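Letter by letter, the chains look like this.
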Amino acid sequence: MKRRNFIKRASLTGVGIAVGNTLASCAENTSEEAKASQIIKKTSLPLVISTWEVKNATAKAWEVLQSGGSALDAVEQGCNVEESNVINQTVGKGGLPDRDGNVTLDACIMDKYGNCGSVVYLQNITHAVSVARKVMEDTPHVMLAGKGAEQFAISKGFQPEELLTEASKEAWEKWKVKAKYKPIINIENHDTIGMLAIDKGGDISGACTTSGLAYKLAGRVGDSPIIGSGLFVDNEIGAAVATGLGEEVVKTVGSFLIVELMRQGKSPQEACEEAIGRIVSKPDSNYKNFQVGYIAVNKQGETGSYSIHKGFSMTKYQDAKNENLQSEHYT
Ligand code: ASP
């Protein structure tokens, strides 16, 4: 049996288990499967990876995982750190506004069962990813938008607050002068926090949260709250999350594509590279003018990251090491 079929079968029958801190494979006792289990790379668990350099957020997720918490709690609490970090102008409170000066947030979360929740165009609530989790857990729906999402959040105890900080307001005012108030979709300021974790039990979850493209047209929604585009998790196979120009990610359903490529046997690195390839190889692609980056992890704990241009990085916390790794890139 090929390695990937074995892995798939092992997880389908519930025989892929975590032993101590190491993901190991334990299958029916056939010699072929015994051999396959030796081939599977043993990976130290837990682990968490994030887009960009977000050491504090990743450390928070790691703390949750180390204390035996679930991957779902880890990615939520990790993302929460950046959502309340006002220095980070791409996520949550302090995020850069749309061209009209409104901060609008997009976020989603996905658990080991394939459940998901998402919020789009959420205003006045810092922890968009936690609202997305509430949508997943407390409603029969997947996605809530705008005022409805905000009212739902308030009904769940989230406190409304002003998300536009003085610093972000100033940046927006400067941009208005420079940009002559023209709506543009370009490469300005994008830095979605995407986070993928595997807990000690070997289960995977993921989340992402963003204030979207700075100075976007009012009402614009990107890839980050769209399940399959900005994020996808399949606990049997792996997970992927995107950052960069959301329109390009949506057009290629990037995160779902990466997970499906891993299902077909590609490594996380190869899968991320192929997903970027789908964008840059379009005959009319103007990829020189925008950035997209992906990170991915498979069920075995192998990770990958790839972007169109230089400058993208992945933060990884594993084996008590919190490191920021520059991604390989296309150009
Ligand atoms: N992907 C996000 C969006 O298009 C932007 C980002 O990565 O910062 O909304």
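Please refer to the structure higher up on the page.
The following refers to the structure shown. (Residues numbered from 1 in each chain as written. Predicted model: local features only at pLDDT ≥ 70, side-chain atom pairs only at ≥ 80, totals over all residues. Heavy atoms only, no water.)

If you walk across this open sheet you meet the five strands as β10-β11-β12-β13-β16, and the pairing is mixed. Where the open sheet ends on each side, the last strands, each with one partner, are β10 (231-234) and β16 (328-329). Two strands pair when backbone bridges link them, and strand β13 (residues 303-307) and β16 are joined in this way by two bridges, in the parallel orientation. Note that in β16 the partner of Tyr306 across the bridge is Glu328. (Pairing = 2+ DSSP bridges. Helix = DSSP H or I, 4+ residues; strand = E, 2+ residues; numbered from the N terminus.)

Inspection of every chain in the model, using the stated rule, returns five aromatic pairs. Ring centres of Trp175 and Tyr215 lie 4.5 Å apart, and the angle between their planes is 20 degrees; on these two criteria the pair is classed as stacked. Linking Trp175 in helix α7 (residues 166-179) with Tyr215 in the loop between β9 (204-210) and β10, this pair joins segments that are 40 residues apart in sequence. Judged by relative accessible area, which is 3%, Trp175 ranks as buried. Seen from their ring centres, Phe232 and Phe256 are 4.9 Å apart, and the 85 degrees between their planes marks the pair as edge-to-face. (Phe/Tyr/Trp six-rings, centres within 6.5 Å; stacked < 30°, edge-to-face > 60°. Buried < 20%, exposed > 50% of the residue type's maximum accessible area, 1.4 Å probe, protein only.)

The next subject is the environment of Thr165. Looking at where Thr165 falls in the secondary structure, it is placed in the loop between α6 (146-155) and α7. Expressed as a C-alpha distance, the spacing of Thr165 and Gln89, which sit 76 residues apart in the sequence, is 9.2 Å. Beyond its immediate chain neighbours, meaning those up to four positions away, Thr165 contacts Val86 and Gly94. (Contact = heavy atoms within 4.5 Å.)

With that settled, the discussion passes to the sheet that holds strand β5 (residues 105-110). Here we have eight strands laid out as an open sheet, ordered β7-β6-β5-β9-β8-β4-β14-β15, and mixed in their pairing. Strands with a single pairing partner mark the edges of an open sheet, and in this sheet they are β7 (143-145) and β15 (321-326). The sheet shows a mean angle of 10 degrees between the axes of neighbouring strands, direction not considered. Lying over the sheet, helix α3 (residues 55-66) contacts β4 (47-51), β8 (193-198), β14 (313-318) and β15, oriented at roughly 160 degrees with respect to β4. Contacts from helix α4 (residues 71-83) reach β5, β8 and β9, with the element oriented near 155 degrees to β8. (Axes fitted to C-alpha atoms, helices over the stretch in contact; angles between N-to-C directions.)

In the structure shown here, the tally under the stated rule is 15 salt bridges. The shortest N-O distance in the salt bridge between Arg133 and Glu76 comes to 2.8 Å. Residue Arg133 is located in helix α5 (residues 128-138), and its partner Glu76 is located in helix α4; the two are separated by 57 residues in the primary sequence. Here Lys112 and Asp203 are joined by a salt bridge, their closest N and O atoms 3.4 Å apart. Of the two residues, Lys112 is situated in the loop between β5 and β6 (116-122) and Asp203 in the loop between β8 and β9; the sequence distance between them amounts to 91 residues. Residue class for Lys112 comes out partly exposed when judged on its relative accessible area of 33%. Three or more residues joined by partner-sharing salt bridges are found here, namely Asp73, Glu76, Arg133 and Glu137. (Salt bridge = Lys/Arg side-chain N within 4 Å of Asp/Glu carboxyl O.)

So, on to the pairing of β13. Judged by how many residues are buried, β13 sits mostly within the fold: five of five residues are covered. Where burial is concerned, the two faces of β13 agree: the one with Thr303, Ser305 and Ser307 and the one with Gly304 and Tyr306 are both buried. When strand β12 (residues 292-298) meets β13, the two strands line up antiparallel, connected through five bridges. Pairing of Val297 across the sheet is with Thr303, part of β13. Joining the antiparallel neighbours β12 and β13 is a turn of four residues, in which Gly301 adopts a positive phi near 85 degrees.

Packed helix pairs are characterised by how far apart their axes lie and by the angle those axes make with each other. Running from N to C, helix α9 (residues 254-263) and helix α10 (residues 268-280) point in directions that differ by 135 degrees, and their axes come no closer than 9 Å. Relative to α10, the element α9 is oriented oblique. Here α9 and α10 pass one another in a crossing that is right-handed. For the pair α9 and α10, contact is made by Gly254, Leu257, Ile258, Leu261 and Met262 and by Pro268, Ala271, Cys272, Glu274, Ala275 and Arg278, respectively. (Parallel < 35°, antiparallel > 145°, perpendicular 65-115°, else oblique. Left-handed = near helix turned anticlockwise from the far one by under 90°.)

For the bond running from Leu45 to Pro46, omega is 0 degrees, close enough to zero to count as cis. Residue Trp52 is not a glycine yet carries a positive backbone phi of 65 degrees. With respect to the helices and strands, the residue Trp52 is situated in the loop between β4 and α3. Of note, Asn124 is a non-glycine position whose phi angle comes to about 70 degrees, a positive value. You can see Asn124 is positioned in the loop between β6 and α5.

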